[in-house]
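A look at the structure
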Amino acid sequence: QVQLVESGGGLVQAGDSLRLSCAGSGDEFSMYNMGWFRQAPGKEREFVSGISWSGSNTYYPDSVKGRFAISRDNAKLTMYLQMNSLKPEDTAIYYCAASSAVSSYYSYRNPRLYDYWGQGTQVTVSS
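Procedures and definitions
Residues numbered from 1 in each chain as written. Predicted model: local features only at pLDDT ≥ 70, side-chain atom pairs only at ≥ 80, totals over all residues. Heavy atoms only, no water. Pairing = 2+ DSSP bridges. Helix = DSSP H or I, 4+ residues; strand = E, 2+ residues; numbered from the N terminus. Core = buried A, V, L, I, M, F, W, Y, C linked by side-chain atoms within 4.5 Å. Buried < 20%, exposed > 50% of the residue type's maximum accessible area, 1.4 Å probe, protein only. Contact = heavy atoms within 4.5 Å.

Let's shift gears to the pairing of strand β3 (residues 18-25). Pairing of strand β1 (residues 3-7) with β3, which is carried by 5 bridges, proceeds in the antiparallel orientation. Counted as the bridge partner of Glu6 is Cys22 from β3. Note: β3 against strand β8 (residues 78-83), 6 bridges, orientation antiparallel. Note that in β8 the partner of Leu20 across the bridge is Leu81.

Before going further, it helps to spend a moment on the nonpolar core. Buried together is how nonpolar side chains tend to be arranged in soluble globular proteins. Membership of the largest hydrophobic core comes to 27 residues, with the highest contact counts inside it found for Met34, Trp36, Met79, Leu81, Met83 and Tyr94. Where this core is concerned, the elements lending two or more residues are β3, β4 (33-39), β5 (46-51), β7 (68-73), β8, β9 (92-99) and β11 (121-126). Excluding anything up to four places from it in sequence, Met34 contacts Leu4, Cys22, Phe29, Ser49, Gly50, Ile51, Arg72, Met79, Ala97, Ala98, Tyr108 and Tyr114. Counting 7 residues, the second-largest nonpolar core is a separate cluster that includes Phe37, Phe47, Tyr59 and Tyr108.

If you want it as structure tokens, here you go:
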């Protein structure tokens, strides 16, 4: 079993940067493909980025491509999301998740394929 804890959220202005962290526990952390999702009030949970267990493959939707960068350090059992050029529409609760079932870009986007979730961290971008 994997436990995930997000941190790094906060209130920033448009154009600023934030780095989110997702700390995992358990030796199995490095075996899971991982993803970041976000959910704004009244909206469905949205895929933000994904990374394979080795870190060799990364995935982004067009809405964040070129602004966000996902990475992981398996030795530290931690995954990161570097967010640059933030926009007010990036405001949401950000969740990290671990999956043993995703492989393609389209599967990474499906929140139902993830086994474990963190509790979320709030990101608010003011205009």
